[in-house]
Every structure is written in structure tokens, then in C-alpha cells.
Amino acid sequence: MASITFTHVNKTYPGNVEVVPDLNLEIKDKEFVILVGPSGCGKSTTLRMIAGLEDITSGELKIGDRVVNDVAPKDRDIAMVFQNYALYPHMTVYKNIAFGLELRKTPKAEIDQKVHEAAKILDLEHLLERKPKALSGGQRQRVALGRAMVRNPSVFLLDEPLSNLDAKLRTSMRSEISKLHKRLDTTFVYVTHDQTEAMTMGDRICVMKDGVIQQFDTPQTLYDTPDNLFVAGFIGSPQMNFIRARIVKNAGGLAAVFDRFILPMNVEKSKALAGYIDKEVILGIRPEDFVQNPEESIGTITATVELAELMGAETNLYLECAGNKLIVRFPSSVRLQEGAEYSIGVNLDKIHVFDKDTERAICHGR
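Residues numbered from 1 in each chain as written. Predicted model: local features only at pLDDT ≥ 70, side-chain atom pairs only at ≥ 80, totals over all residues. Heavy atoms only, no water.

A. Just the overall build of the protein, in detail. Scanning the protein from terminus to terminus reveals nine helices and 21 strands. In the protein, buried positions account for 50% of the 366 residues. Sequence separation of 24 or more characterises 65% of the internal contacts of the protein that already satisfy a separation of 6 or more. Charge-centre separation for the protein: the mean point of 45 positive side chains lies 5 Å from the mean point of 49 negative side chains. (Helix = DSSP H or I, 4+ residues; strand = E, 2+ residues; numbered from the N terminus. Buried < 20%, exposed > 50% of the residue type's maximum accessible area, 1.4 Å probe, protein only. Contact = heavy atoms within 4.5 Å. Lys, Arg positive; Asp, Glu negative; His and termini not counted. Charge placed at Lys NZ, Arg CZ, Asp CG, Glu CD.)

Structure below.
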């Protein structure tokens, strides 16, 4: 069993620099968990504490049923894959993969079997006699994965392993790592700042900011019901649009008003917003939740197109509306002229509403 449990874990560096103030996190056995957040949010420090490469200032860290606060990295039954691959340049691919087993005095026949098994899974069999300098970035990353695999660890730790690869390789390696997790059936903890990687790979995602967990849930839940403004803005590409508005009474219900635009709230949202009448809130609208033809939607805004960004099947439109910068996603067949003003509908059922002061979610789109 390789569950991972942080209980009131604190990490403070000399000079009273507190990176992780009070971390409580439980990763289930065989789960693929992504730690995601901006640079400096504490995600890599959290990973390195699991590995034993960073000491814990206070609190308790368990791997399975064992407290590992004072257990050496080599005795934690973990394997770590780094951003820069960390391969030995003078060794062949075979030797790089086998190195950890050789240090443990594993019998040669067993080493050979494990290396060839890993090489077959990772499509490295034809590269075993090459040295790292003769490999592409994706091949080097697979060698690093193979070196971790042969040890058959209880926990895989991956620290931004794809950040040095080009876009095409990142896409293919994402699927390779996901398939590897299913094949090995063990616990994976993966650090990235790329929310696309997080959304496509993880069973659950832990969104962090300033060493504090903002939300820990499935990718779809984070997308559909973000707990706060930070999560709402971080998860989703392009990110959610935010508009400051005021809640007012409107025709038997409530509406959100900004500038001259009135966006009526449905019955469910009106109930949730009953305590916010005549108060400011922040509206959250995903780029795909705008409607090309306003007749299809009750809420309509008028906006000026500043830039049209063709993405193939879709077009991202950068708009200006009453001082707000918005991003709208329409099919590429929709052609709107840059500099022109258009009426655009808003799918009112999909609007999220956040408290302006606490930044916590008040209600969500359906």
C-alpha cells in the first residue's frame, strides 16, 4: 500500500521563509495526483518532501502506514523523474536504466530481464546501446522513466518531466505517462505548472497557491465548480472571464448589472444571491459560454473585437466590453471583423458568481 498522507506539515527555510504553512493532504494508493499551481506555490517543495530531498520543519508525513519524516530517501521505496532527465552522459541507455539496480547488487540476469521489459514498454529496445547525446528529448525522457520503472517503486514522483519538450512531444508523452500509470498500477504524484497536463492526466488535481491547497478534486469538478476565483482562473484555457457587477432586483428575480448591460439570474442563482442585493460581485464566464446569435440567449452584451485568433477548428476572439477585456471562443466559421462592434449573447445558465471580498464561489453554472 502506497498512500501518502500529509498531516499539518510545515516547511520553513532559514530566514523564516515559510513555503508550506500547514499542509493536509491524502493521496490514495494507486492514484494519479497532479500538484499544479504557479511558480513558487510550493508544489515542487511538496514533491521533494515526499522524496526525502527536503526535510519537514514540523508535522507528519506517511507513506502507507509508515511515518517517513526521518527515513532516508533510498529507504522510502520511491522513484523520482526530474525535469532535466539526470542521465549519465558517458553511459549507454542500457547502463542508465540498469544503474540503480546495479547499486543494489541485483543479480545480472534479473537486471537484464527488467531492463529489456522496461525498454519494450517504452519503445527503447533499438536504442539500448546509444548514449544520451544521440537521443531526442522525448527518448531521453523515456529513458529516465525506464530507470525509475525497473526499481518497481511503490510511488512514482515526477517533477515537471515534460517542460523541456516541444509541444508535439509533450502531447504524445502525456498519453505515454498516463498509459504507464495504468500498466504499472502504482501511485503517481506529478508536478506541473501546465493546467492542460493536469486536466488530461490526473485522477485528481491539487491546485496550490502560496503553499496552501485551494482545491483538491477531479479535473471535471475543478472546471465545473471551482471553489474560488484563483481556481476558476487557473483551470481552463483560455481562462475564465471575470466581470465586476452589481446584483439588483429584476422582474420577480435578480439580475447582475454592469455598465448598461443586464444579465438576469435564473431561479436557483437568485436564491443563492438573495443576500447580495445591491452588492458588488464578480461574474465568471467561460470563453465557450458565449452565444454567437443573441436571440438564443436572454443576456446580451455589446463588445468591440480587438483581435481574432484562428486556432484551426475554433477562433479565440479578444473583446473589449465596458472596460472589461474578454476572451470568447467561437467556431472558426464565425468571421467577425477586428475593430467592429457586435452584440454577443451570454449563456446565463453557465455563469459563475463569486464574492468580491472573499473571492469564494457563491453559485455556479449548471
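B. Layout of the pairing of strand 9 (residues 204–209). Within strand 9, five of the six residues are buried, leaving the element largely enclosed by the surrounding structure. Sheet topology note: the strand 9/strand 10 (residues 212–217) ladder contains five bridges and is antiparallel. Note that in strand 10 the partner of I205 across the bridge is D217. Between strand 9 and strand 10, which follow one another and run antiparallel, lie two residues, and D210 among them has a positive phi close to 55°. (Pairing = 2+ DSSP bridges.)

C. Structural detail: the sheet that holds strand 12 (residues 253–258). A sheet is described by the order of its strands in space; here six strands give the open sequence 13-12-11-14-20-21, paired in antiparallel fashion. Only two strands of the sheet have a single partner each, and these edge strands are strand 13 (261–264) and strand 21 (361–363). Each strand of the sheet is rotated relative to its neighbour by a mean of 40°, with strand direction disregarded. As paired elements, strand 11 (residues 241–250) and strand 14 (residues 280–285) share six bridges and run antiparallel to each other. Residue pairing in the sheet places I243 in a bridge with L283 of strand 14. (Axes fitted to C-alpha atoms, helices over the stretch in contact; angles between N-to-C directions.)

D. Highlighting the pairing of strand 1 (residues 4–13). Looking at chain direction, strand 1 and strand 4 (residues 58–63) are connected through five bridges and run antiparallel. In the sheet register, F6 faces strand 4, and the bridge partner there is L61. Summarising the sheet, strand 1 and strand 2 (residues 17–27) pair through seven bridges and their orientation is antiparallel. The residue bridging I4 from the neighbouring strand is I27, located in strand 2. Linkage of strand 1 to strand 2, two consecutive antiparallel strands, is achieved through a turn of three residues, within which G15 is found at a positive phi near 90°.

E. Up close: the nonpolar core. In this structure, I34, I97, L145, L158, I177, Y190 and V207 are the most contacted members of the largest nonpolar core, which totals 45 residues. Residues in contact with V207, not counting those within four places in the same chain, are V36, V212, I213, Q214, Q215, L222, F230, V231 and I235. Membership of the second largest hydrophobic core comes to 32 residues, among which are C321, V346, L348 and I351. (Core = buried A, V, L, I, M, F, W, Y, C linked by side-chain atoms within 4.5 Å.)

F. Structural detail: unusual backbone geometry. Here the residue pair S237 and P238 is connected by a cis peptide bond, since its omega of -5° sits within 30 degrees of zero. For K105, which is not glycine, the phi torsion reads 60° and is therefore positive. For K105, the location among the structural elements is in the loop between helix 2 (93–103) and helix 3 (108–121). For K105, a relative accessible area of 74% gives the class exposed. Here the phi dihedral of D185 falls at roughly 55°; this positive angle occurs in a residue that is not glycine.

G. Focus on the packing of helix 2 against helix 4 (residues 137–149). Contact geometry for helix 2 and helix 4: axes closest at 7 Å, N-to-C directions at 30°. Crossing of helix 2 over helix 4 shows right-handed handedness. In this structure, helix 2 contributes V93, N96 and I97 to the contact, and helix 4 contributes V143, G146 and R147. Residue composition of the contact of helix 2 with helix 4, by class: three nonpolar, two polar and one charged. (Left-handed = near helix turned anticlockwise from the far one by under 90°. Nonpolar A, V, L, I, M, F, W, Y, C, P; charged D, E, K, R; others polar.)

This is a description of form; function is not addressed.
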